[in-house]
Protein chains: 2
Amino acid sequence: MFALDPQSSVPLVTQIVGGFRQLMDDGALRAGAKLPSIRQFAHAHGVSVYTVVDAYDRLVALGYFLSQAHSGFFVRSRSSQESSSLGGSGHYSFDSMWYLRRIFENRALRSKPGCGWLPGDWLFTEGMRRSLRSLAAEDVDLGGYGEPKGYLPLRQLVRDLLAAREVVVNADQVLLTQGSSQAMDLAARRLVREGDAVLVDEPGYANLLFSLRFLGARLVGAPRTPAGYDLETLEARIIEHRPKVFFTQPRLQSPTGSSASLAHLHRVLQLAEKYDLIVVENDIYADLDPESRPSLASLDQLKRVIYISSFSKTISPNIRVGFVAANPELLEELARLKMISGLTSSEFTERLAYGALTDGRWRKHIKTLKERLAQGQQQLATQLLELGFELFTEPKAGLFLWARHPAVQNAAELAYKAVEQDILLGPGHLFSVDLEPSPWLRFNVAWGQDEAVLRFLSALKAT
Amino acid sequence: MFALDPQSSVPLVTQIVGGFRQLMDDGALRAGAKLPSIRQFAHAHGVSVYTVVDAYDRLVALGYFLSQAHSGFFVRSRSSQESSSLGGSGHYSFDSMWYLRRIFENRALRSKPGCGWLPGDWLFTEGMRRSLRSLAAEDVDLGGYGEPKGYLPLRQLVRDLLAAREVVVNADQVLLTQGSSQAMDLAARRLVREGDAVLVDEPGYANLLFSLRFLGARLVGAPRTPAGYDLETLEARIIEHRPKVFFTQPRLQSPTGSSASLAHLHRVLQLAEKYDLIVVENDIYADLDPESRPSLASLDQLKRVIYISSFSKTISPNIRVGFVAANPELLEELARLKMISGLTSSEFTERLAYGALTDGRWRKHIKTLKERLAQGQQQLATQLLELGFELFTEPKAGLFLWARHPAVQNAAELAYKAVEQDILLGPGHLFSVDLEPSPWLRFNVAWGQDEAVLRFLSALKAT
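First things first, this report covers the structure right here in the doc. (Residues numbered from 1 in each chain as written. Chains lettered and ligands numbered in written order. Predicted model: local features only at pLDDT ≥ 70, side-chain atom pairs only at ≥ 80, totals over all residues. Heavy atoms only, no water.)

### Comments concerning the pattern of salt bridges
Residues and elements named next belong to chain B.
Then, number 1: Counting across every chain of the model gives 47 salt bridges over all chains.
Then, number 2: Across the pair Arg190 and Glu333 runs a salt bridge, and its minimum N-O distance is 2.1 Å. Taken as a pair, Arg190 in helix α8 (residues 179–191) and Glu333 in helix α13 (residues 328–340) lie far apart in primary sequence, 143 residues in all.
Then, number 3: Among the residues examined, Arg190 registers a relative accessible area of 28% and is labelled partly exposed.
Then, number 4: Its salt-bridge partner being Lys274, residue Glu235 comes within 3.2 Å of it at the nearest N-O pair. Within this pair, whereas Glu235 is found in helix α10 (residues 231–241), its partner Lys274 is found in helix α11 (residues 262–274), the two being separated by 39 residues in sequence.
Then, number 5: Take Glu235: its relative accessible area is 16%, and that puts it in the buried class.
Then, number 6: Via salt bridges that share partners, Arg251, Asp283, Asp289, Glu291 and Arg293 belong to a single interconnected network. (Salt bridge = Lys/Arg side-chain N within 4 Å of Asp/Glu carboxyl O. Helix = DSSP H or I, 4+ residues; strand = E, 2+ residues; numbered from the N terminus. Buried < 20%, exposed > 50% of the residue type's maximum accessible area, 1.4 Å probe, protein only.)

### As for the side chain of Ser259(B)
Residues and elements named next belong to chain B.
Then, number 1: With respect to the helices, strands and loops of the structure, Ser259 is situated in the loop between β7 (245–248) and α11.
Then, number 2: Ser259 gets classed as buried once you look at its relative accessible area, which sits at 14%.
Then, number 3: Looking at Ser259, its side chain comes within polar contact range of the main-chain nitrogen of Leu252, at 2.8 Å.
Then, number 4: What Ser259 contacts, discounting residues up to four positions off in sequence, is Arg224, Pro226, Ala227, Gly228, Pro250, Arg251, Leu252 and Arg293. (Polar contact = N/O pair within 3.5 Å; in protein donor to acceptor, adjacent residues only side chain to side chain. Contact = heavy atoms within 4.5 Å.)

### Topic: unusual backbone geometry
Outside of glycine, negative phi angles account for most residues, and trans bonds account for most peptide bonds.
Then, number 1: The omega angle of the peptide bond from Glu202(A) to Pro203(A) is 0 degrees, so this bond is cis rather than trans.
Then, number 2: Here the bond from Ser254(B) into Pro255(B) is cis, since omega is 10 degrees, no more than 30 degrees from zero.
Then, number 3: Inspection of the secondary structure assignment puts Pro255(B) in the loop between β7 and α11.
Then, number 4: At Glu166(A), a position not held by glycine, the phi torsion is positive, near 60 degrees.
Then, number 5: For Glu166(A), the location among the structural elements is in the loop between α7 (152–164) and β3 (174–177).
Then, number 6: Not every positive phi belongs to a glycine, and Lys396(B) is a case in point at roughly 65 degrees.
Then, number 7: Looking at the element boundaries, Lys396(B) is found in the loop between β11 (390–391) and β12 (400–404).

### Looking at the side chain of Asp57(A)
Then, number 1: Relative to the elements of secondary structure, Asp57(A) occurs in helix α3 (residues 49–61).
Then, number 2: In terms of polar contacts, Asp57(A) uses its side chain to reach the side chain of Tyr416(A), at 2.7 Å.

### Here we look at the sheet that holds strand β13 (residues 426–427) of chain B
Backbone-to-backbone hydrogen bonds pair the strands of a sheet. The strands run either parallel or antiparallel.
Residue and element names in this part refer to chain B.
Then, number 1: Pairing is antiparallel in the open sheet, where four strands are placed in the order β11-β12-β14-β13. At either end of the open sheet lies a strand with only one pairing partner, and these are β11 and β13.
Then, number 2: Examined bridge by bridge, β12 and strand β14 (residues 440–444) share five bridges and lie antiparallel to one another. Within the sheet, the bridge partner assigned to Phe400 lies in β14 and is Asn444. (Pairing = 2+ DSSP bridges.)

### Here we look at the nonpolar core
Then, number 1: Counting 98 residues, the largest nonpolar core has Ile315(A) and Ile315(B) as its most contacted members.
Then, number 2: Once you skip the residues sitting within four places of it in the chain, Ile315(A) turns out to touch Leu123(A), Phe124(A), Met128(A), Ala353(A), Ala356(A), Leu357(A) and Trp362(A). (Core = buried A, V, L, I, M, F, W, Y, C linked by side-chain atoms within 4.5 Å.)

### Here we look at the packing of aromatic side chains
The geometry of an aromatic ring pair comes down to the distance between the two centres and the angle between the two planes.
Then, number 1: Taken as a whole, this structure holds 37 aromatic pairs over all chains when the rule is applied.
Then, number 2: Consider the rings of Phe124(A) and Trp362(A), whose centres lie 5.5 Å apart with planes at 65 degrees: the pair is edge-to-face. In this pair, Phe124(A) is assigned in the loop between α5 (98–105) and α6 (125–137) and Trp362(A) in helix α15 (residues 362–386), connecting sequence segments 238 residues apart. Pair check on accessibility: Phe124(A) and Trp362(A) agree, each one buried.
Then, number 3: Ring geometry for Phe65(B) and Phe73(B): centres 6.4 Å apart, planes at 50 degrees, overall tilted. Across the pair, exposure class does not vary: Phe65(B) and Phe73(B) are buried alike.
Then, number 4: Feature note: the residues Phe2(A), Phe20(A), Phe41(A), Tyr56(A), Phe65(A) and Phe73(A) constitute an aromatic cluster, connected by ring pairs.
Then, number 5: Of note, Arg213(A) hangs over the ring of Phe210(A), and the distance from its end group to the ring centre comes to 4.8 Å.
Then, number 6: Positioned over the ring face of Trp122(A) is Arg372(A), at 4.1 Å from the centre of the ring. (Phe/Tyr/Trp six-rings, centres within 6.5 Å; stacked < 30°, edge-to-face > 60°. Lys NZ or Arg CZ within 6 Å of the ring centre and 35° of its normal.)

### Brief notes about the sheet that holds strand β5 (residues 218–225) of chain A
All names here are of chain A.
Then, number 1: The strand order across the open sheet built from eight strands is β3-β10-β9-β8-β7-β4-β5-β6, with neighbouring strands paired in mixed fashion. Every other strand in the sheet has two partners, leaving β3 and β6 (228–229) as the edge strands with one partner each.
Then, number 2: Bridge count between strand β4 (residues 197–202) and β5: six bridges; the pairing is parallel. Residue pairing for β5: Glu202 is matched across the bridge by Pro223.
Then, number 3: Against the sheet, helix α8 (residues 179–191) makes contact with β3, β7 (245–248), β8 (278–282), β9 (305–310) and β10 (322–325), and its axis sits at roughly 155 degrees relative to β9, the strand it touches most. (Axes fitted to C-alpha atoms, helices over the stretch in contact; angles between N-to-C directions.)

That's the geometry; what it means functionally is another story.
Written out as C-alpha cells, the structure reads:
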C-alpha cells in the first residue's frame, strides 16, 4: 500500500492520511472500495491502533472516507468528497463535526477531565430549584412570544452586571440569546461571509472554530501566550490576511486558561483601530474570575467590540441563557438576525435565570465556586507536574489547564485510548485552526480529582 | 420633485419608490440629503399619509433611505446602500426586517387580528403550570447540557405522534429545536447556498421568506390555490429555475388557510422525484386539523421530505419547542448544525413540554381548541363577507382567513392606518416573494371577535 517512517519528524497520523490521499488522487483506490479495518492496518504497518483510529477519523472528516456502521470504512465517491468539503479540498469540512458528536455522545463516560462544563453539583442547582418553584407559584402569562430582545428585567440586570464590569450600556443594547453559542453564531453570521479571513485565538474555542468553518471562513490564528497574545505575529497576520473580524476570549481562555494583560488588551484595540477590525469578545468566564480584570469592552465601550457572555457556567448550561451587548446599530442587526433564525428566545428560561440571579444566595454560590476552582487548579497543576507534564501557564482560576507530556506526540491517539477506559480527554487538535495533530491536552480542573484519570495519566511516565 | 399619476395601474407606492430611486440614481438626491417629511410629501402630492409611510418604509428596506429617530429620513451613502442589500441592488435586503420588528414591537397593540399566534387564554396554560410545578418538585439533574438531539422521552413521544400521523420514524430521526423557526433555519442553512433558486409557497410563511432572503436565496413562488397548488405553474417554474429545495406548508397554510388535497400532495412528490427536489414540509398546524389528512411525509416516509412541526401553537410559543424529522443521514447533519449554531436546546423547556403533552387533559384541550377555531372561522368568514370582503377559501379550521376588499389596493397602507387605532393587521406583501404591494390581508380568527376591528373594517364600505 504505502510505507510509513516511524523516524520521520512528520507524525505517523499525517503520513497515513497523506498516504491514503495520494492513493485516491492517483486513482489506485476507487470510490466504493472497502478499506482495511483499523486493526488490520495497524497490524500490517506495526503502528498503534489509536494512531490508525485518528487517521481514519481525519479521512472521514476530510470527506475521503465513509464510515458505515458494522461494515467498516469505504472510499467516498469523488462528487461527495467535493460537496462535503465547503472549505475547499484538503480542508476539514463541515463533516469534521464528528468532534462535537464525540464530545456530546461521550457525556456518558464516567470521567470527563476533557469536557468544557462543570459537574452538576458545582452549579447553582438549589437556586434554580427555588426559581422554578416561585415561577410555578406566580401567575405569569406564559402565552405569546417573549420580547424580541429577551425578558426586560433580565436585560436590565445584565446592564447592571456590565456596569459592575465597567462596561456602560443601556438595556436596549443587550440581546438575550440561547447561550453564548447562539450569540457567537449570530455575530459570525452577521460579520463573516464565505471566503473571508477571520482572526481567531490559536488555540481557541473549538465550537466557534467549527461554526466559522461552516460559514466558509478562512481561519487565521492569533497565537496565545501565557500573558495574552503574541502581538508581533498578530499584527503580521493582520497585514498578511486583512481580516475584518477578530473572535477572541481574553479572560481565562479555553483551552489555555491564559488571561490577557491590560497592556495586551490596549494593544489589541490599537491594532483593531489601525486595521479597522471588529472584535468579538467572548467573556463567559468573567463571573469566575477572582480578579477584577479589565475586558476589551471596558476599554473600548463597545465601539469596535461586541461583548458576549452567559450564565451557563454559573447557573446551569441547561437553561441556555446567554447575551450579547453591542453598539446600538449592530445590536439591532443581531436582534433581527435572531428573529429570523428562530424568533424570540424562551422568556420562560430567561425568567428562570432572572430568579436564580436575584436569589439571595447567588453571591455566596459564586464565591464558593471560585474557591473550589482555585483549589482544583492548584491540585491538578501539582499532580500534572509530578506526572511530568509541562503547563502552558498556571492560571490559578477558571476551569482550564493546558498541558503536554513529553511522551505524547499526538494527543488524539491518547484520547481514543482513554475512551476505552471510560475517560473523556480534550485533545489539542480540536482547538487548533488547522486541526493538525497536537501534543497538547485541555484539562478541566473541576473534573480533575479522579483516581481513574490519574492512574491513566501516570501510565505515561513509563512510555 | 416627480409627478404621481393616480389614474395609473401602477400602485402609488410603487410610483413613489420608483421616483425616489430615479432621483438618487441620477444623482439629483445625494447621500446625506434630508428628505421631505411623510406629511410634507403627502400634502404636496395630494396622496394619503399611509401611502407615503409604506413607500418610505420600502425605501428604508431597500437600503436607499435611512430613518433617524426624531430627525426624519435621509438619503443613505451609496456604499451602505450596497452593503445593506445582500440580494443585489433593487431587492429587499436583510434590512427589510422592519417587518419583524413591527410585528413584534406591536405586540402591545390592543387588537391583533393580523398576528400569527393564539391569545394566551387559548393556550394550554393550566397544563404548563402543572408541568412546571411537578418539575419543581422532582429531583431532576439540571446540570450539564442536554442530549444533542434533545430530551429522549420527548423525542419518543414525537415518534409516537408521527406514527399516529402515519409517518414511521425512530426517535433517532427526531431532532428537537427551538421552535419550528430554528428547524426551518437549520434546514435552510443546510440546503441553501447564496444564489440558489428556492421554491416557496406564494404567498408563504413570512419569517421563512426573510430567513431565505438573508441566506441570499433567489425565491421562486409556487402559487397557492384553494385546493393546494397551481401544479402547472409549479412545474413550469421548476423547469425554468431548477430549484433544489421546496419549502411548503400543505396543511392549513399561513397565510391562505388552504390545505392541499391528496392528489396535489402526490403530484408534488412526483415532481420532486422527477426534478430531484428535497421538500421541506412545515406542518405546524397538524394538531389543529379536525380532519386526519395525509401529509407529504406520510406519503413519502421521509425519503425526499424533511418534516417540521412544533408545540408552539398548542402548548405555548413561549417554551420554544419544535422538531424536525428526516432520513438518518440528513438528520445527523441537521443535528450537527444545531450543535455548532447554539449547542443543545434547553432540556428544561423540553421536559416542560413533555409534562404538558402527557398531562391527562391535553387531548381535551386540543379538542376544545379545534372547536373554538372552527367557530371563530365561521363567525369571521360571515362578518368579512358581510363587509364586502372576498375570501380566498373557507378553511373552516386552523388560524387563518385570507381576504381582500375591493376598496383596498395596497393592504400595507391600511395596516399603517390601523396601527393608529391600536390594531395590528397582516398586510399581504409580507407573505409575498417580491414584497410588492398586495390587496390581501391575513386574518387570525382567534383574534377576530373584536368590536374595534369590525368597526375599523366596516369603514371600508364607505370608501
